[in-house]
Amino acid sequence: MKIIDTVPYFLDNYQPSINFLRNYYMKFPGIFKEYFSYHCKDTEERHIQSLKRYPQVLTSIKLIHNEIVTIIKEVEQNYVGMYQVNYPIDINLIVGGFGSNAYSHKQIIPNITFALEKLSPVSSHLQAIIAHELGHVTHNIISDKAGNDWSTVEWNSPLIWLFQEGAATHFSRKTSPGLPPCVYFSFDDNGDKWLEFASSHKKEIQLEFAKDLVKSNPQEIFREWFSINGGKTFGFPRLAYFLGDLLFHERVLQVGEMNTIVAWKDHNFEEVVNSWLNY
């Protein structure tokens with residue numbers, strides 16, 4: 001695992017100007033190409049808005065920066081001890097434009113990027129989101145060793161996304177136990193009402209998601225169920241994360257942890273998930 005830390009460049013050279021931001025992005029072109037391709041708009045308007053917001057979060061960025069590498073290494077060791085995995089990846093630390101807070105790259109064994117301006121400086125919150133993203137990587141590493149044929153994976157399927165998020169949440173709970181239950185989903189202390197609602201409406205959420213699979217395209221489903229900007233159906237966004245966790249947990253009880261982790265190599269995997277949604 002290699003940590004690529006772009007944050008000192010940002011902090012040491014910070015100026016409230018578009019020119020400064022452009023120089024920062026050009027300093028790390030590969031990292032920001034991925035970021036602006038999928039996780040944040042690369043527009044003049046967006047950058048102006050970011051410059052207005054940075055003064056409010058600079059102190060938080062510094063606090064996170066002082067702690068995050070230590071937590072990454074601690075969480076890594078938890079995974080290594082529990083799952084005997086090694087991580088041939090880059091972990092990028094950036095200051096972004098208030099887009100995604102963290103994400104795994106579009107690779108079989110994915111790199112990870114953390115955008116510090118969108119993270120909470122609380123240690124337990126950092127631990128949860130780091131464990132979640134490393135969970136995505138661990139899921140793929142274990143599946144790869146099990147012989148998963150990646151060419152058969154329907155990457156644009158909401159059923160695959162559901163499974164991936166369930167796996168990452170499962171891994172984060174296993175390797176970073178004892179955190180408040182909502183933190184594994186919200187990565188802050190503001191998720192209690194979200195989790196309370198989801199826990200009280202499991203079947204309704206499950207069936208509504210199944211209905212959307214039939215009538216909506218993947219992009220629409222992503223926005224409504226996986227994005228922080230969704231949530232029109234029930235008034236709460238990202239409820240697919242709860243569904244994914246529920247799916248994964250129930251499969252573990254039925255077939256065991258390792259069989260569940262590598263389940264997407266089974267030819268009828270999506271049929272199994274679809275049947276579960278409509279049960």
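Residues numbered from 1 in each chain as written. Predicted model: local features only at pLDDT ≥ 70, side-chain atom pairs only at ≥ 80, totals over all residues. Heavy atoms only, no water.

Helices and strands together make up the secondary structure of the protein chain, namely 13 helices and 4 strands. Summarising its shape, the C-alpha atoms of the protein chain cover approximately 55 × 40 × 35 Å along the three principal directions. The burial tally for the protein chain puts 52% of its 279 residues in the buried class. When contacts within the protein chain are restricted to residue pairs at least 6 apart in sequence, long-range pairs at least 24 apart make up 69% of them. In the form shown here, the protein chain has an accessible surface area of approximately 13300 Å², with 50% of it arising from carbon and sulfur atoms. Counting 25 positive and 31 negative side-chain charges, the protein chain places the centres of these two groups 4 Å from one another. (Helix = DSSP H or I, 4+ residues; strand = E, 2+ residues; numbered from the N terminus. Buried < 20%, exposed > 50% of the residue type's maximum accessible area, 1.4 Å probe, protein only. Contact = heavy atoms within 4.5 Å. Areas by Shrake-Rupley, 256 points an atom, 1.4 Å probe, with all protein chains shown as cover. Lys, Arg positive; Asp, Glu negative; His and termini not counted. Charge placed at Lys NZ, Arg CZ, Asp CG, Glu CD.)

The next subject is the sheet that holds strand 4 (residues 112-115). As summarised here, the arrangement of the 4 strands in space is 1-2-4-3, forming an open sheet in which the pairing is mixed. In this open sheet, the two strands that pair with only one neighbour each are strand 1 (2-5) and strand 3 (102-104). Mean inter-strand twist for the sheet, computed between neighbouring axes without regard to direction, equals 15°. Across 4 bridges, the pairing between strand 2 (residues 90-94) and strand 4 is parallel. Pairing of I94 across the sheet is with A115, part of strand 4. The strands touched by helix 5 (residues 123-145) are strand 3 and strand 4; relative to strand 4, the strand with the most contacts, the crossing angle is about 160°. (Pairing = 2+ DSSP bridges. Axes fitted to C-alpha atoms, helices over the stretch in contact; angles between N-to-C directions.)

Quick look at helix 11 (residues 239-255) now. With 17 residues, helix 11 extends 24 Å between its outermost C-alpha atoms, agreeing within 8% with the 24 Å of an ideal straight helix rising 1.5 Å per residue. For helix 11, the set of buried residues is L239, A240, Y241, F242, L243, G244, D245, L246, L247, F248 and V252. Remark: G256 follows helix 11 within two positions and exhibits a positive phi of approximately 95°. (Expected span 1.5 Å × (residues − 1).)

Glancing now at the pattern of salt bridges. One pass over the structure, following the stated rule, counts 5 salt bridges. Its salt-bridge partner being D245, residue R173 comes within 3.0 Å of it at the nearest N-O pair. One end of the pair, R173, is in helix 6 (residues 158-175); the other, D245, is in helix 11, and 72 residues separate them in sequence. Given a relative accessible area of 12%, D245 falls into the buried group. (Salt bridge = Lys/Arg side-chain N within 4 Å of Asp/Glu carboxyl O.)

With that out of the way, let us pick up helix 5. Here helix 5 spans 32 Å end to end across 23 residues, near enough to the 33 Å set by a 1.5 Å rise per residue. The positive-phi residue at the C-terminal boundary of helix 5 is G147, with phi of around 90°.

Let's shift gears to the side chain of S172. Locating S172 in the fold gives a position in helix 6. Note on S172: relative accessible area 0%, which makes it buried. Apart from residues no more than four positions distant in its own chain, S172 is found in contact with Y79, A128, A131, H132 and Y184.

This part covers the packing of helix 9 (residues 202-215) against helix 10 (residues 218-226). Contact pair helix 9 / helix 10: the axes reach a minimum separation of 10 Å and the direction vectors enclose 160°. As the angle between them shows, helix 9 and helix 10 are arranged roughly antiparallel. Considering only the axes of helix 9 and helix 10, their crossing is right-handed. Residue-level contacts link I205, E208, F209, D212 and L213 of helix 9 to I221, E224, W225 and F226 of helix 10. Per-class residue counts for the contact of helix 9 with helix 10 are 6 nonpolar, no polar and 3 charged. (Parallel < 35°, antiparallel > 145°, perpendicular 65-115°, else oblique. Left-handed = near helix turned anticlockwise from the far one by under 90°. Nonpolar A, V, L, I, M, F, W, Y, C, P; charged D, E, K, R; others polar.)

Quick look at the packing of helix 9 against helix 11 now. Helix 11 packs onto helix 9 with a crossing angle of 105° between their chain directions and a minimal axis gap of 10 Å. With respect to their mutual orientation, helix 9 and helix 11 come out roughly perpendicular. Contacts between helix 9 and helix 11 involve K202, I205, Q206 and F209 on the former and, on the latter, L239, A240, F242, L243 and L246. Its residues assigned to classes, the contact of helix 9 with helix 11 shows 7 nonpolar, 1 polar and 1 charged.

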